[in-house]
Amino acid sequence: NNPKIYEKLKFLQNAIGAVPSPFDCYMAMRGLKTLHIRMQQHTKNATAVASFLEAHPKVERVIYPGLKSHPQYQVAKSQMRM
């Protein structure tokens, strides 16, 4: 019921994004629907690159938890669902 407070809150909501637009909500939902597929593909690609580098004669060491040679491979395997 206070016009000053109303204007201040209206400005803050718009300025700091406290209330997302319908389009922002749509984009967030769309991104969440495909997140698991994208993460699976990221893991697959990263493992392929790490395996290639590990086998390359000019590469001394590869630190990637998705490789069986990594000390925390079992932890990564359980967390990453590899």
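Quick look at the structure, then. (Residues numbered from 1 in each chain as written. Predicted model: local features only at pLDDT ≥ 70, side-chain atom pairs only at ≥ 80, totals over all residues. Heavy atoms only, no water.)

For the rest of this paragraph, the subject is the overall build of the protein chain. For the protein chain, the helix and strand inventory stands at four helices and zero strands. The C-alpha atoms of the protein chain give 23 Å as radius of gyration, which overshoots the globular expectation for 82 residues (12 Å, by more than 25%). With the C-alpha coordinates of the protein chain rotated into their principal frame, the extents come out at 70 × 25 × 25 Å. Counting over 82 residues, the protein chain shows a buried share of 10%. (Helix = DSSP H or I, 4+ residues; strand = E, 2+ residues; numbered from the N terminus. Rg over C-alpha atoms; globule rule 2.2 N^0.38 Å. Buried < 20%, exposed > 50% of the residue type's maximum accessible area, 1.4 Å probe, protein only.)

Residue placement: His-70 occurs in the loop between helix H3 (35-55) and helix H4 (73-80). With near-sequence residues (within four places) excluded, His-70 lies in contact with Ile-63, Tyr-64 and Pro-65. (Contact = heavy atoms within 4.5 Å.)

A few words on a nonpolar patch on the surface. A contiguous nonpolar patch, built from Ile-5, Leu-9, Phe-11, Leu-12 and Ile-16 and spanning about 510 Å² of accessible area, is present on the exposed surface. Tracing the sequence through the fold places Leu-12 in helix H1 (residues 3-16). For Leu-12, a relative accessible area of 31% puts it in the partly exposed group. (Patch = residues over 30% accessible without salt bridge, like charges linked within 9 Å, V, L, I, M, F, W, Y side chains within 5 Å. Areas by Shrake-Rupley, 256 points an atom, 1.4 Å probe, with all protein chains shown as cover. Salt bridge = Lys/Arg side-chain N within 4 Å of Asp/Glu carboxyl O.)

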